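Chain and residue survey
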Amino acid sequence: MVEVARELMQQAPKVSGAGDMFQLLRDGRPRTRADLAAVTGQARSTVAARIDLLMAAGLIAPAGEASSTGGRPPATFAFAPSARVVLGVDLGATHARLALTDLASTVLAQRDLPLLITDGPGPVLDQVAATGAELLAEAGRSPGELAGVGVGLPGPVEHATGKPNNPPIMPGWDDADVPAILGARFHAPVLVDNDVNIMALGEHRAAWPDVADLLFVKVATGIGAGIIADGALRRGAQGSAGDIGHVAVPGVTDIVCRCGNIGCLEAIASGLAVANALEGTTTPADVVALVRAGDVAASQAVRQAGRDIGAVLATSVSLLNPSMIVIGGILADAGEHIVAGIREVVYQRSLPLATQHLRIVTARTGARAGVLGASAMAVDQALSSEAVDRLVA
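- Per an unreviewed UniProt entry, the chain is named ROK family protein, and its organism is Promicromonospora vindobonensis.
- In UniProt, the chain has this text filed under Sequence similarities (unreviewed entry): "Belongs to the ROK (NagC/XylR) family."

Following this line, the structure appears as structure tokens:
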């Protein structure tokens, strides 16, 4: 018990209320009242009162007894992730994936469905709301147990407002108040971010939680990156950090991007660009199918796309110094060809100090990265110190 208290004292932030105390319990490890009193410096009566509040809210529960050094063994308490649920929503150009999870982002019910983002916010968000209600019923949870909703959109999003900002493949969505529309349907807080950011968050939390500096690169119809630095997702001033798809590839002067600039990475190395350059393919999925079938031209095209992506990532490595680059999106399903091309250029162009421990790998979470990240985003909001204080007030 003394060792647990000492470890907590070294790691814990300043604790002032029940919400702050709850943060000490979010890792799931059982603690006693004495443990919490030792780390917070608060009176045992204050700790006991806050434990009672958190238990009444269902956020923590008894977790058995600690070993005794004499006398009655002390009771322990731990995070109860089943207390409430959140809805994660990953919207793509032609599909949606929704997952209802508990507060530890464990999936309780999931649904994949076709939709067209070009139908506009009204029809699309109506479908999201209806499907979310179905998932609640399927999991046996009531609407009142929904603590929050996280949404990923396939375009630029101003995270502070949750509104899309001139999304190129989402006509009718510019400045749409997605949080207000879904909030009115679910009566719960709604957070919105772009799809690459939530994929980065999902991959980080589910697959690499101990990696503090990670760059997630999505290579699909377009190209984008999500930045994890010092263990947290970094969005930049307006939420556009990581937009590497519109960084110019060195030496390319004759390819015009849909944004109007010349030589953008997305116009050269995205899944759609590779598909357009290969005979007989129209989508990134066609390219992946050819590569898996052993087609030499397709394999070489994907390898070259990797080299072009690597040319841009080499600069990113020098600027951000990540310890891991994770490649996701449909073109990552083409096997080692794209990763090999990226490694070839990154390790050649970046300084040894930046690459000596750098790993470049494909995503472990696959198609689930988006909903897992959307869930984690909603959970972080629902379990923040401020939100917990409001809940127990």
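Observations concerning the packing of aromatic side chains
- Under the defined criterion, the tally for this structure stands at 1 aromatic pair.
- When the ring of F22 is compared with that of F79, the centres are 5.4 Å apart and the planes differ by 75°; the resulting orientation is edge-to-face. On the criterion of sequence distance, the pair formed by F22 in helix α2 (residues 18-23) and F79 in strand β3 (residues 75-79) is long-range, its members being 57 residues apart. Like F79, F22 is buried.

Topic: the sheet that holds strand β11 (residues 214-219)
- An order of β13-β12-β11-β14-β15 is seen for the 5 strands of this open sheet, with the pairing classed as mixed. For this open sheet the edge positions go to β13 (232-234) and β15 (359-362), each flanked by a neighbour on one side alone. Between one strand axis and the next, the sheet turns by 25° as a mean value, whatever way the strands run.
- Bridge count between strand β14 (residues 324-328) and β15: 4 bridges; the pairing is parallel. When the bridges of β15 are listed, M324 appears paired with R359.
- Strands β11, β12 (223-229), β13 and β14 of the sheet are contacted by helix α7 (residues 195-207), whose axis makes an angle of about 45° with β12.
- Lying over the sheet, helix α12 (residues 336-349) contacts β11, β14 and β15, oriented at roughly 165° with respect to β15.

Focus on the pairing of strand β5 (residues 95-102)
- For β5, a buried count of 7 out of 8 residues is recorded, marking the element as mostly surrounded by other parts of the structure.
- Two strands pair when backbone bridges link them, and strand β4 (residues 85-91) and β5 are joined in this way by 7 bridges, in the antiparallel orientation. Looking at β5, one finds that V89 is bridged to L98.
- Hairpin connection, β4 to β5: the antiparallel pair is bridged by 3 residues.
- Pairing between β5 and strand β6 (residues 107-114): 7 bridges, direction antiparallel. Looking across to β6, one finds that L98 is bridged to R111.
- Count of turn residues in the β5/β6 antiparallel hairpin: 4 residues, of which S105 carries a positive phi of about 65°.

Description of the pattern of salt bridges
- A full pass over the atoms with the stated rule returns 14 salt bridges.
- Here E344 and R303 are joined by a salt bridge, their closest N and O atoms 3.2 Å apart. Placement of E344 in helix α12 and of R303 in helix α11 (residues 296-320) is noted, with a sequence separation of 41 residues between them.
- Assessed through its relative accessible area of 32%, E344 is described here as partly exposed.
- Through salt bridges with shared partners, a single network forms among R26, R205 and D380.

Brief notes about the environment of L182
- Checked against the element boundaries, L182 lands in helix α6 (residues 178-186).
- Given a relative accessible area of 0%, L182 falls into the buried group.
- Beyond its immediate chain neighbours, meaning those up to four positions away, L182 contacts L125, V128, V151, H187 and V190.

Remarks on the sheet that holds β6
- What the 5 strands build is an open sheet, ordered β6-β5-β4-β7-β10; its pairing is mixed. The open sheet has two edge strands with one neighbour each: β6 and β10 (190-194). For this sheet, the mean angle separating the axes of adjacent strands, direction not counted, is 15°.
- Its contacts with the sheet put α6 on β4, β7 (146-153) and β10, and the angle it makes with β10 is roughly 140°.
- In the packing of helix α14 (residues 369-382) onto the sheet, the strands contacted are β4, β5, β6, β7 and β10, and the crossing angle to β4 comes to about 140°.

Quick notes on the rules
Residues numbered from 1 in each chain as written. Predicted model: local features only at pLDDT ≥ 70, side-chain atom pairs only at ≥ 80, totals over all residues. Heavy atoms only, no water. UniProt positions renumbered as here; feature names shortened; annotations may be inferred. Phe/Tyr/Trp six-rings, centres within 6.5 Å; stacked < 30°, edge-to-face > 60°. Helix = DSSP H or I, 4+ residues; strand = E, 2+ residues; numbered from the N terminus. Buried < 20%, exposed > 50% of the residue type's maximum accessible area, 1.4 Å probe, protein only. Pairing = 2+ DSSP bridges. Axes fitted to C-alpha atoms, helices over the stretch in contact; angles between N-to-C directions. Contact = heavy atoms within 4.5 Å. Salt bridge = Lys/Arg side-chain N within 4 Å of Asp/Glu carboxyl O.

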